Amino acid sequence: VNFDKETLTLVGEKLGVRAVILGSVDDYKRVGFGAGNAISFSVRMLDTGSGTILWQAKAIESGGSLWRKIIGLDNIDSNFLTQKAVQRALDTLF
């Protein structure tokens, strides 16, 4: 989602905040046999007064493979991958 500066300022005033976090899911795959699950997303924090990007991150996580299936391991759960990707992005903030 992209906001022009005027809209961003209005959002900041209405919510009473000086920054907002926006993001998008770039890829989210829950696949079956032979391939693993995958997620990637982008996130950024914008100053509501100036529109300046205060922080941004992109996280990509994947798990599972044909080899995991062959040796009897399950694919890594999509929810686990999502949590891991979010944590990876947040780790760049602090």
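Residues numbered from 1 in each chain as written. Predicted model: local features only at pLDDT ≥ 70, side-chain atom pairs only at ≥ 80, totals over all residues. Heavy atoms only, no water.

A.B. asks: Would you mind showing me how to read the confidence of the model for the protein here?
C.D. replies: In the predicted model, the protein carries a mean pLDDT of 83, and the fraction of residues at 70 or more is 79%. When the elements of the protein are averaged for pLDDT, helix H2 (residues 66–70) gives the smallest value, 65, and helix H1 (residues 5–15) the largest, 94. (pLDDT = per-residue confidence, 0-100. Helix = DSSP H or I, 4+ residues; strand = E, 2+ residues; numbered from the N terminus.)

A.B. asks: Just checking my understanding: could you explain a nonpolar patch on the surface for this structure?
C.D. replies: On the surface, a nonpolar cluster with roughly 330 Å² of combined accessible area is contributed by Val86, Leu90 and Phe94. Here Phe94 lies in the segment after helix H3 (78–91). On the basis of relative accessibility, which here comes to 81%, the residue Phe94 falls in the exposed class. (Patch = residues over 30% accessible without salt bridge, like charges linked within 9 Å, V, L, I, M, F, W, Y side chains within 5 Å. Areas by Shrake-Rupley, 256 points an atom, 1.4 Å probe, with all protein chains shown as cover. Salt bridge = Lys/Arg side-chain N within 4 Å of Asp/Glu carboxyl O. Buried < 20%, exposed > 50% of the residue type's maximum accessible area, 1.4 Å probe, protein only.)

A.B. asks: How do you make sense of the pattern of salt bridges when you look at a structure like this?
C.D. replies: A side chain of one charge can pair with a side chain of the opposite charge if their charged atoms are brought near each other. Going through the model one piece at a time under the given rule, you end up with 3 salt bridges. The salt bridge partner of Lys84 is Glu61, with a shortest N-O separation of 3.7 Å. Residue Lys84 is located in helix H3, and its partner Glu61 is located in strand S3 (residues 53–65); the two are separated by 23 residues in the primary sequence. Judged by its relative accessible area of 39%, Lys84 is partly exposed. Overall, Glu61 belongs to the buried group, its relative accessible area being 5%. The residue Glu61 makes a salt bridge to Arg88 at a minimum N-O spacing of 2.6 Å.

A.B. asks: Please explain the side chain of Ser40 as it appears in this structure.
C.D. replies: Here Ser40 lies in strand S2 (residues 35–47). Overall, Ser40 belongs to the buried group, its relative accessible area being 8%.

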